[in-house]
Amino acid sequence: MKAAQTIRRLGFRKWYERELIQSHLHLVLLILAAVGLLGSLEVYGFQEVAGGRLLAVACAAASAAIGVWALRRYLFLLMRAENAAHQAVCPSCQAYARWTLLDEDDPAGRLRVHCRACQHDWQIEL
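Presented here is a report on the structure given in the accompanying data block. What you see is a predicted model; the values in this text were computed from it and never measured.

### Remarks on the overall build of the chain
Working step 1: Per the secondary structure count, the chain includes 3 helices and 3 strands.
Working step 2: For the chain, the N- to C-terminal ordering of α and β elements is α-α-α-β-β-β.
Working step 3: Taken over the C-alpha trace, the chain has a radius of gyration of 21 Å; the compact-globule value for 126 residues is 14 Å, which it surpasses by more than 25%.
Working step 4: Each principal axis of the C-alpha atoms in the chain carries an extent, and together these give about 70 × 25 × 20 Å.
Working step 5: Within the span of the chain, comprising 126 residues, buried residues form 29% of the whole.

Pasting the structure below:
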């Protein structure tokens, strides 16, 4: 599990920050793909040769595919980071992200964490 290794190496706050940055970079890619799609549609109207129109359609299809992938990745990364952030509060003392990672369960995607403030243990699902 790459997320658990990164959290262990950097800490939860840095992991969370990087997840948000990475997700918003996918949002920028989505905007650029939308601009490419609109540009391809505009160029399509000016083409009189079948080869030029075919190229414009291919560019539009590629832009649409990249846009769909970027949107899915943006939402996945954002929701995973937000879900983990909501679980990062200690249920006992309400301390946010003041825990150490004890163990990770790879197939289930669970992290067992230990609060540094009150010594309480709980699980976070990624």
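Continuing now.
### Points about helix 3 (residues 50–87)
Working step 1: Look at helix 3: 56 Å from first C-alpha to last across 38 residues, which is about the 56 Å you get at 1.5 Å a residue.
Working step 2: Residues of helix 3 that are buried include every one of Gly52, Ala56, Ala60, Ser63, Gly67, Ala70, Tyr74, Leu77, Leu78, Ala81, Ala84 and Ala85, and no others.
Working step 3: Those residues of helix 3 that are buried are in contact with helix 2 (12–46) and strand 3 (121–125).

### Concerning the sheet that holds strand 3
Backbone-to-backbone hydrogen bonds join strands into a sheet, with any given pair of strands oriented parallel or antiparallel.
Working step 1: Reading across the sheet, the 3 strands line up as 1-2-3 and stay open at both edges, with antiparallel pairing between neighbours. Looking at strand neighbours, the two that pair on one side only are strand 1 (99–105) and strand 3, the edges of this open sheet. Ignoring which end each strand starts from, the neighbouring axes of this sheet average 30 degrees apart.

### Comments concerning helix 1 (residues 2–10)
Working step 1: Among all positions in helix 1, only Ala3, Ala4, Thr6 and Ile7 are buried. Each buried residue of helix 1 sits inside an arc of 165 degrees when the element is viewed along its axis, so together they form one side. Away from its buried face by more than 90 degrees, helix 1 exposes Lys2, Gln5 and Arg9.
Working step 2: Of the residues one or two after helix 1, glycine 11 is the one with positive phi, at around 100 degrees.

### A short note on the packing of aromatic side chains
Working step 1: Counting across every chain of the model gives 4 aromatic pairs.
Working step 2: On the basis of an interplanar angle of 35 degrees and a centroid distance of 5.7 Å, the ring pair of phenylalanine 12 and tryptophan 15 is categorised as tilted. Taken together, the residues span about one helical turn, with phenylalanine 12 and tryptophan 15 both in helix 2 at a distance of 3 residues.
Working step 3: A relative accessible area of 3% places tryptophan 15 in the buried class.
Working step 4: Between phenylalanine 12 and tyrosine 16, the aromatic rings sit 6.0 Å apart at their centres with planes inclined by 20 degrees, giving stacked as the arrangement. In this pair, phenylalanine 12 and tyrosine 16 are both assigned in helix 2, 4 residues apart and thus about one turn of the helix distant.
Working step 5: You can call tyrosine 16 buried: its relative accessible area is 18%.
Working step 6: Through successive ring pairs, a cluster of aromatic residues spans Phe12, Trp15, Tyr16, Tyr96 and Trp99.

Basis of the calculations
Residues numbered from 1 in each chain as written. Predicted model: local features only at pLDDT ≥ 70, side-chain atom pairs only at ≥ 80, totals over all residues. Heavy atoms only, no water. Helix = DSSP H or I, 4+ residues; strand = E, 2+ residues; numbered from the N terminus. Rg over C-alpha atoms; globule rule 2.2 N^0.38 Å. Buried < 20%, exposed > 50% of the residue type's maximum accessible area, 1.4 Å probe, protein only. Expected span 1.5 Å × (residues − 1). Contact = heavy atoms within 4.5 Å. Pairing = 2+ DSSP bridges. Axes fitted to C-alpha atoms, helices over the stretch in contact; angles between N-to-C directions. Arc of directions from axis to C-beta. Phe/Tyr/Trp six-rings, centres within 6.5 Å; stacked < 30°, edge-to-face > 60°.

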